[in-house]
Amino acid sequence: MTRLRRGLIIAVAGIAITALIVPMLPLPDPVRIEVAHQLAAPSGAHWLGQDEYGRDVLSRLLWGARTSLLVAGASAALACFFGIVLGLLGGYLRGVTEFLAVRSMDVVLCFPPLLLALLVVTLLGPGATTLIPVLAVLYLPGFVRVVYAGVLTVRSQDYVEAMRALGAGPIRIMVRTILPNVAGPVLVQFSLAAASAVVLESGLSFLGLGVVPPTPSWGLMIGSARATMNQAPLLLLWPCAALSLTILTMNALCDALRDAVDPHAGPRFARRSAMDALLPGLRPPPGPVLAIDHLTIEIDTPYGMIQPVRDLSLTVEAGETLAIVGESGSGKSLTGLAVMGLLPPAARVARGAVWLDGRELLRADEATLRSLRGGAMAMIFQDPLSSLNPVHRIGAQIAEGITAHASRQNREGDAWSRAVGLLRMVGIPDPERRARSFPYEMSGGMRQRAMIAVAIANNPRLLIADEPTTALDVTIQAQILELLAALRRERGMALVFITHSLPVVAEIADRVVVMYAGEVVEQGAAADVFAAPRHPYTAALLRSAPTEDGGLPEGIPGTVPQPHDLPAGCAFAPRCAHRVPDCESVRPPLVDVGPNRQSRCLRWRELA
Amino acid sequence: MIWFLRRIGTAILLIWVVASIVFLAIRLVPGDPAELLLSQGGVAPDPATVAELREQLGLDRPLPVQYVERFRLMAQGDLGRSLQDNAPIAGEIARRLPRTLELILAAALFAVVVGIPTGVLAANRPGGWLDRWALLQSSVGLAVPVFVIGTVLVLVFAQTLRWVPAGGYVPLARDPGRHLLLLAMPSLAIGIGLAATVFRMTRASMLDVTQRDFVRTARAKGVGPRRILVRHVLRNALMPVVTVLALHMGTLLGGTVLVEYVFNYPGLSGLLVEAVNARDYPAVEGVVLVISVLFVLLNLLVDLIYAALDPRVRHA
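Parameters at a glance
- Residues numbered from 1 in each chain as written.
- Chains lettered and ligands numbered in written order.
- Predicted model: local features only at pLDDT ≥ 70, side-chain atom pairs only at ≥ 80, totals over all residues.
- Heavy atoms only, no water.
- Helix = DSSP H or I, 4+ residues; strand = E, 2+ residues; numbered from the N terminus.
- Buried < 20%, exposed > 50% of the residue type's maximum accessible area, 1.4 Å probe, protein only.
- Contact = heavy atoms within 4.5 Å.
- Areas by Shrake-Rupley, 256 points an atom, 1.4 Å probe, with all protein chains shown as cover.
- Expected span 1.5 Å × (residues − 1).
- Domains from an automatic or database assignment.
- Buried area = accessible area lost by both parts, 1.4 Å probe.
- Polar contact = N/O pair within 3.5 Å; in protein donor to acceptor, adjacent residues only side chain to side chain.
- Pairing = 2+ DSSP bridges.
- Phe/Tyr/Trp six-rings, centres within 6.5 Å; stacked < 30°, edge-to-face > 60°.
- Salt bridge = Lys/Arg side-chain N within 4 Å of Asp/Glu carboxyl O.
- Patch = residues over 30% accessible without salt bridge, like charges linked within 9 Å, V, L, I, M, F, W, Y side chains within 5 Å.
- Axes fitted to C-alpha atoms, helices over the stretch in contact; angles between N-to-C directions.
- Parallel < 35°, antiparallel > 145°, perpendicular 65-115°, else oblique.
- Left-handed = near helix turned anticlockwise from the far one by under 90°.
- Nonpolar A, V, L, I, M, F, W, Y, C, P; charged D, E, K, R; others polar.

K.L.:
Mind laying out the overall build of chain A, listing which residues take part and the relevant values?
P.N.:
Helix and strand counts for chain A come out as 22 helices and twelve strands. Principal-axis analysis of the C-alpha atoms places the extent of chain A at approximately 105 × 70 × 55 Å. Looking at the 608 residues of chain A, the share that counts as buried comes to 51%. Once local pairs closer than 6 in sequence are excluded, the contacts in chain A between residues at least 24 apart make up 66%. Approximately 26,900 Å² of chain A is accessible, and the part contributed by carbon and sulfur atoms is 60%.

Here it is in structure tokens:
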């Protein structure tokens, strides 16, 4: 990518340098007419031949580059300068200045660009001196908007406030802090404006309303070569090619610049065939509803291959609630998505096996997975607003899941009435009417209930709930937890509850798995783990939760290590109050510390 | 409903602003239009003739009077008379506007038929051969200016292969076959660049929507890939494409100038170029005004379509 960008910069620079040094090149005069050699073929003196007036074509092409780039560069620079000034003033001073500087730009946008240029050319007459200011006005709004938006985001940031507090004047603040921040987008805008100006200049010149003859310009050359295209088609093709290639390079440079400035680089797509490389699951099918066996997930990142989930094993029985607890980035959600076969494209399973009712999922084909998803296994996602389709009614979104798993005969049939029934079951008042609502018309709590209705539509054996209460306030949270607990009791589902909140775990879970930096650090019955944690991280987590008797929560010092920069020994060692030298060199294994109880700590005995 | 009324109010306000700017631009520019008009050829015009023309154009009256008079006539659909042949400008515009609109619609149709399916297929396998091939083609389509495409089309299909006439216009009623044949090349010239834009937008939008949470939800429900594509991805992904396409069509209202010129197509933009070259101020003013108003109306239409497609917009 960077090599491509460098190549493009060199190409554009090459065109620009050619344009600059044209007067110094040993070329024939581009405007000297030789009537005797009209439309002459290429010769030693005239490499590309002569045009209808006997002028040298190569010379006119190169001089044409000069005209194009001069007009484009000058108008873009002019627009850039005034755009920065207006954008800075409007964004920084606000009020009337803001209105005049920014809103007035909308008026320019009311006219189709070529039309505005034509109007002005009519009034002021053609020629480069008219063209440059007209094009500058056309590109002004783009620059003003970019700078204005940049100023608005930057002006409220801490370091700008700090500079103001230190007594820096507004001009100094603008030049020192804001300009460097908007430089990237402005550069992109500049390249877009220049590329577009080349197109407009050539178009207007082609019509005879841009550059005035006999100045060499690509647009003019194409225009006049049309008359002789039968005798000398090459005369037409040379300026067409020069113009198109110039614009092509400039566009490509724009794209490259935008990619460089925009942090959202294109997603990387892991190849699905990597799944085939997995070891076949040789273990006999175990008994529980869900069994995850030594699961490792890989993501290919710019920092190299990371493993956000490593060697994770757990089981969930029917009617049991298992909570997976951990901080953000501990790998909880990825685990849930891996079970569903819904990992994002960049991530893939490197090792391990996942069994649902004795059926291996990681090696199942997409059709099998599709029949299981929303059927035997279902998932509730964290943010109900973004997880529901904004343009479809709630009832239709529930019914869709029912229809997808219905046998071919009774498709569509009563899916809608079953959807209404599900809405009633999850406690939504007036479900007939609510089924016709769009997601944005519902409250957050109601959306999450609808999301649950979507998930339980086909009586799943396994329900994975990924932080289903995080986006909700406390009272709604309690109602949702109650609803999930009731559903599990009534339907005998296995429930996997992913959360970072210990009070929620205490309320709902039979067993708990504590994850830290992609690994299970402790697991056991919820009551045991809460009463007597066997890993310093669990203990620290418990201390960091708000207590019922009003004691102050205690933070955990330090931060979770980055997945591409894990410590050599125990991942928690750098933050651990109990660490000994061994912790920093030996990676502790997960050891049994009691019946159905495991810990990944070298010193678990001392902690007990 | 309130949203709807407010949006229409904004559009009316914009039309008024645009009409005023066009009016002022013609009258406040340095140099007297009447004098400029008569002084072609470098000879100083006769003051009496200038005064006569000024009177004929109404330029001798005070600006506010002219302004009120102009808007009064405009409300009646009167845009003045051409200086070239003294014909009513509104009539000439009414005759030529449908031809330009037909051209734009034909180009948009081509762009949609080519751009959207290619974009959807390319986004289905990003990095695949179709994706890379289409991306390359669209770079070329975006880079070559319309008048270059048009000129090359004429050179190849009209001059060299002699499959089609080089240009012109025949009304649909007189000869439907020839009408469509003559429409094909100019709309292709515009449509190629437009198709490249539509392709890029569709592809980017598809890739974006495919990553959204609600698509994951649909997959979690066990919905099949085709239904996910049609019901969940396409509907959401095509909204920005519709917007961009409509905005581009608005830009084309003034942007068909070059293609109409290349193919000798008697559309609205051609009228504008003729008027500009003849310094026919009332005609220029009329055409610019009509196009700008259409542009504003089209933007309004886009917003309304958007509201129909996305229930959230109506309540924002």
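K.L.:
Explain helix α6 (residues 129-143) of chain B to me, using residue names and the numbers behind them.
P.N.:
With 15 residues, α6 of chain B should cover 21 Å at 1.5 Å per step; its first-to-last C-alpha distance of 21 Å lies within 8% of that length. For α6 of chain B, every residue scored as buried is listed here: D131, A134, S138, G141 and A143 of chain B. Residues of α6 of chain B that are buried make contact with α10 (233-261) of chain A together with α5 (89-124) and α8 (176-210) of chain B.

K.L.:
Which residues make up the domain arrangement of chain A, and what values go with them?
P.N.:
All names here are of chain A. Examined at the domain level, chain A breaks down into domain 1 (53-260), domain 2 (290-376 + 460-607) and domain 3 (390-457). Relative placement of domain 2 and domain 3: their C-alpha centres are 30 Å apart. Facing 17 residues of domain 2, the contacting portion of domain 3 comprises ten residues. Summing both partners gives a buried area of about 1,100 Å² for domain 2 against domain 3, and 68% of it is carried by carbon and sulfur. On the domain 2 side of the interface with domain 3, the three residues burying the most area are I480, L483 and R491, jointly 36% of the side's total. There are five residue pairs in polar contact (both at pLDDT 80 or more) connecting domain 2 and domain 3. Elements with a contribution of two residues or more to the side of domain 2 that touches domain 3: α12 (366-372) and α18 (474-491). A total of seven residues in the side of domain 2 that touches domain 3 trace back to one element, the largest contributor, which is α18.

K.L.:
Can you explain the pairing of strand β7 (residues 462-466) of chain A? Please cite residues and give values.
P.N.:
Residues and elements named next belong to chain A. Burial analysis of β7 places five of its five residues in the buried class, which makes it a mostly covered element. By the bridge criterion, four bridges tie strand β6 (residues 377-380) to β7 in an arrangement that is parallel. Note on β7: the bridge partner recorded for I380 is A465. Strand direction decides the pairing type here: β7 and strand β8 (residues 494-499), joined by five bridges, are parallel.

K.L.:
Mind laying out unusual backbone geometry, listing which residues take part and the relevant values?
P.N.:
Note: most residues except glycine have negative phi, and most peptide bonds are trans. Residue and element names in this part refer to chain B. A positive phi is found at N86, a non-glycine position, where the angle reads about 60°. Mapped onto the elements, N86 comes out in the loop between α4 (63-75) and α5. You will see that R162, though not glycine, has its phi angle at about 55°, which is positive. For R162, the position within the fold is in the loop between α7 (146-160) and α8.

K.L.:
Hey, could you go over the environment of D430 of chain A for me, with residue numbers and the actual values?
P.N.:
Residues and elements named next belong to chain A. Mapped onto the elements, D430 comes out in the loop between α15 (415-425) and α16 (431-434). Residue classification places D430 among the partly exposed positions, given a relative accessible area of 39%. It is 9.3 Å that separates the C-alpha atoms of D430 and V420, two residues lying ten residues apart in sequence. Separated by 2.9 Å, the side chains of D430 and R433 make a polar contact.

K.L.:
Go over the packing of aromatic side chains, please, and point to the residues and values.
P.N.:
With the rule as written, the count across this model stands at eleven aromatic pairs over all chains. Here Y516 of chain A and F572 of chain A contribute two aromatic rings whose centre-to-centre distance is 5.1 Å and whose plane-to-plane angle is 85°, an arrangement assigned as edge-to-face. One end of the pair, Y516 of chain A, is in strand β9 (residues 511-516); the other, F572 of chain A, is in the loop between α21 (536-544) and β11 (591-594), with 56 residues separating them in the sequence. Comparing Y516 of chain A with F572 of chain A shows no difference in burial state: the two are buried. Taking the centre distance of 5.1 Å and the plane angle of 70° together, the rings of F23 of chain B and Y67 of chain B count as edge-to-face. Taken as a pair, F23 of chain B in helix α1 (residues 2-28) and Y67 of chain B in helix α4 lie far apart in primary sequence, 44 residues in all. Clustering of aromatic rings is evident, with ring pairs tying together F206 of chain A together with F147 and Y261 of chain B.

K.L.:
Please give an account of the interface of chain A and chain B that cites residues and values.
P.N.:
At the junction of the two partners, chain A supplies 63 residues and chain B supplies 67 residues. One can count four salt bridges joining chain A with chain B. The shortest N-O distance in the salt bridge between E400 of chain A and R231 of chain B comes to 3.8 Å. For the pair chain A and chain B, the number of links is 15 residue pairs in polar contact (both at pLDDT 80 or more). Among the secondary structure elements, those contributing two or more residues to the side of chain A that touches chain B are α5 (113-124), α8 (170-206), α10, α11 (332-340), α12, α13 (384-387), α14 (394-405) and α17 (444-456) of chain A. With ten residues, α10 of chain A is the largest single contributor of residues to the side of chain A that touches chain B.

K.L.:
I'd like a description of a nonpolar patch on the surface, backed by residues and values.
P.N.:
A cluster of nonpolar residues, L78, F81, F82, V85, L89 and L93 of chain A, forms a patch on the protein surface that exposes about 520 Å² of accessible area. Mapped onto the secondary structure, L78 of chain A falls in helix α2 (residues 57-93).

K.L.:
So, the domain arrangement of chain B: which residues are in play, and what are the values?
P.N.:
Frequently, the measure chosen for interface size is the accessible area removed from exposure when the parts meet. All names here are of chain B. Partitioning chain B into structural domains gives domain 1 (2-89) and domain 2 (95-315). A separation of 32 Å is found between the C-alpha centroids of domain 1 and domain 2. Each partner contributes to the interface: domain 1 provides 26 residues, whereas domain 2 provides 25 residues. With both sides pooled, the region where domain 1 packs onto domain 2 buries about 2,200 Å², and carbon together with sulfur makes up 74% of that total. Taken together, domain 1 and domain 2 are joined by one salt bridge. Among the salt bridges present, the one from R70 reaches E285, with a minimum N-O distance of 3.1 Å. Counting across the domain 1 and domain 2 interface gives two residue pairs in polar contact (both at pLDDT 80 or more). Ranked by residues supplied to the side of domain 1 that touches domain 2, first place goes to α1 with 13 residues.

K.L.:
Before we move on, can you summarise the packing of α10 of chain A against α6 of chain B with the specific residues and values?
P.N.:
It is at 8 Å that the axes of α10 of chain A and α6 of chain B come closest, and there the two elements cross at 120°. Between α10 of chain A and α6 of chain B, the angle falls in the class oblique. Read as a crossing pair, α10 of chain A and α6 of chain B show a hand that is right-handed. Packed against α10 of chain A, whose contacting residues are S244, I247, L248 and N251 of chain A, the element α6 of chain B presents S139, V140, L142 and A143 of chain B at the interface. Considering only residue class, the contact of α10 of chain A with α6 of chain B consists of five nonpolar, three polar and no charged.

K.L.:
Got a sec to walk through the pairing of strand β1 (residues 290-301) of chain A? Specific residues and values, please.
P.N.:
Regular strands place their side chains on alternate faces of the sheet. Residues and elements named next belong to chain A. Among the twelve residues of β1, ten are classified as buried, and the element is accordingly described as predominantly covered. Of the strand pairs in this sheet, β1 and strand β2 (residues 304-316) are connected by eight bridges, and their pairing is antiparallel. Looking across to β2, one finds that I299 is bridged to I306. Where β1 folds back onto β2 in an antiparallel hairpin, the turn is made up of two residues. The pairing of β1 with strand β4 (residues 347-356) spans eight bridges and is antiparallel. Each bridged residue has a counterpart across the sheet, and for A291 the counterpart in β4 is W355.

K.L.:
Residues and numbers for the pattern of salt bridges, please.
P.N.:
All names here are of chain B. With the rule as written, the count across this model stands at 26 salt bridges over all chains. R203 serves as the salt-bridge partner of D131, at 2.5 Å between the closest nitrogen and oxygen. Here D131, found in helix α6, pairs with R203, found in helix α8; they are 72 residues apart in sequence, far enough to count as distant. Considered together, D131 and R203 belong to a single accessibility category, that of buried residues. Residue D208 is joined to R212 by a salt bridge in which the shortest nitrogen-to-oxygen separation is 2.9 Å.

K.L.:
Please give an account of the sheet that holds β8 of chain A that cites residues and values.
P.N.:
Residue and element names in this part refer to chain A. Across the sheet, eight strands lie side by side as β6-β7-β8-β3-β9-β10-β12-β11; this open sheet has mixed pairing. Every other strand in the sheet has two partners, leaving β6 and β11 as the edge strands with one partner each. In this sheet, adjacent strand axes meet at a mean angle of 25° when their direction is disregarded. This element, α17, spans β6 and β7 of the sheet and lies at about 170° to β6.

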